[in-house]
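Descriptive structure summary
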Amino acid sequence: MFFYELFGFSFILFVTFKYRHPVQYYAKFTFYILTASAASAILPYVGLFRYPIRDYRNGMLPAWSFRMIVQLLGLEYEVRGLENVDKNEGGVVVVAPHQSILDLSVDAYLWPLIGRPIGVTKNIVLYVFPFGIGMWICGSLFIDRKNRQNAVKQLHAQTEAIQSRRNKIVIFPEGTRAQQNKIMPFKKGAFHLAIDSQSMIQPVVVSNYHFLSSAEKRFQKGKIIISILPAMSCKGMTKDDVNIVLERTKRLMDIDFEKISNETKPQFHS
């Protein structure tokens, strides 16, 4: 009997060691999704006792919970460039690169720091329970990316929110998630909105997720730097300047991405 118990224990140790990264990967993502779902299902409603429905302040408590969740997963976040933020100015915040569902936690760190945020996501998320209804309560904008004309119209409607309510529209301009170790090409919607509203572009760069690999099924501890770059005014610009603004923003973000990603790479460990 002792032999079989020893063999079974040794086999479990062997499997755990051999497949430790996939086990850790799925366990951490399961924990993240379950706890984030619970937070999204409950906490936005707490804000309704104080704030109107669709108010960004309903997202403060969920954002706090998301920050706690990623800390439990062994992730350390550092936010730089707060001196570049003017909470009383509306505009468009472009965040890149869009690497993983963990980017929700980037939003969670930015939410209380940048002013009056409005998140932008694809419309199908609205029907993903409980994330969708929670994001809707917090004022998020859901756009139909498959219908370009309708998406542009929805974004253009936010010019009033920027100008009169001084909201900051938070957009991942790449559109889709990708782990490519670089910032992918930007879509133009965010830059059209900044020019239409004659406001500003606030670039936010997130360091590479060296600790995460979907291909290798690896999810380890690590550090993430969120770098808020100086805002760039779009006053006086026209639609003819969209490509210039986009390319200038992308170039600055590419440079910063390489810099901060090199800083975090040596710190990733198992």
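Once a new chain begins, its residue numbering starts again from 1 and follows that chain's sequence as written. Residues qualify for local features only when their pLDDT is at least 70, as the model is predicted, and side-chain atom pairs are given and counted only at 80 or more; totals for whole chains, interfaces and linings, by contrast, use all residues. The basis for every side-chain value is the complete set of non-hydrogen atoms in the structure, without hydrogens or water.

**Notes on the confidence of the model for the protein**
Each residue gets a pLDDT score, which is the predictor's confidence in that residue and runs from 0 to 100. Considering every residue of the protein, the mean pLDDT works out to 88; 91% of them sit at 70 or more. Secondary structure elements are defined from DSSP: runs of H or I of at least 4 residues count as helices, runs of E of at least 2 residues count as strands, and each element is numbered from the N terminus. Mean pLDDT per element in the protein: helix H1 (residues 2–18) is the minimum at 44, and strand E1 (residues 75–80) is the maximum at 98. Overall, residues 6–18 carries pLDDT values under 50, and its contacts beyond four positions in sequence, including any with other chains, amount to one contact. By definition, residues are in contact when any of their heavy atoms lie within 4.5 Å.

**Looking at the environment of proline 22**
Here proline 22 is to be found in helix H2 (residues 20–47). Taking the C-alpha atoms as reference points, proline 22 and lysine 217, 195 residues apart in sequence, are found 4.9 Å from one another.

**Quick word on the side chain of lysine 223**
Examined against the element boundaries, lysine 223 turns out to sit in strand E9 (residues 222–228). Of note is the side chain of lysine 223, whose polar atom sits 2.8 Å from the side chain of glutamate 78. In protein, a polar contact requires one atom able to donate a hydrogen and another able to accept it; more generally it is a pair of N or O atoms within 3.5 Å, and residues adjacent in sequence count only if both atoms are side-chain atoms.

**Re the packing of aromatic side chains**
The rule is short: rings of Phe, Tyr and Trp, with Trp giving its six-membered ring, pair when the centres are within 6.5 Å, and they are stacked under 30 degrees, edge-to-face over 60, tilted in between. Evaluation of the coordinates by the stated rule reveals eight aromatic pairs. A centroid spacing of 5.2 Å and a plane angle of 90 degrees characterise the contact between tyrosine 25 and tyrosine 26, whose relative ring orientation is edge-to-face. With centroids separated by 5.1 Å and ring planes inclined at 70 degrees, the aromatic side chains of tyrosine 25 and phenylalanine 29 adopt a geometry described as edge-to-face. A residue pair is termed a helical-turn pair when its members lie 3 or 4 positions apart in one helix, as tyrosine 25 and phenylalanine 29 do in helix H2 at four residues. Each member of the pair tyrosine 25 and phenylalanine 29 is classed as buried. Taken together, the aromatic side chains of Tyr25, Tyr26, Phe29, Tyr209, Phe211 and Phe219 make up a single cluster linked through ring pairs. Note on criteria: charge over ring means Lys NZ or Arg CZ within 6 Å of the ring centre, with the direction from the centre no more than 35 degrees off the ring normal. Seen from the ring of tyrosine 109, arginine 67 lies directly overhead, with NZ or CZ sitting 6.0 Å from the centre. Across the ring face of phenylalanine 186, the terminal group of lysine 250 is positioned such that the distance to the ring centre comes to 5.9 Å. Burial classification: accessible surface area is computed with a 1.4 Å probe over protein chains only, and a residue below 20% of its type maximum counts as buried, one above 50% as exposed, and the rest as partly exposed.

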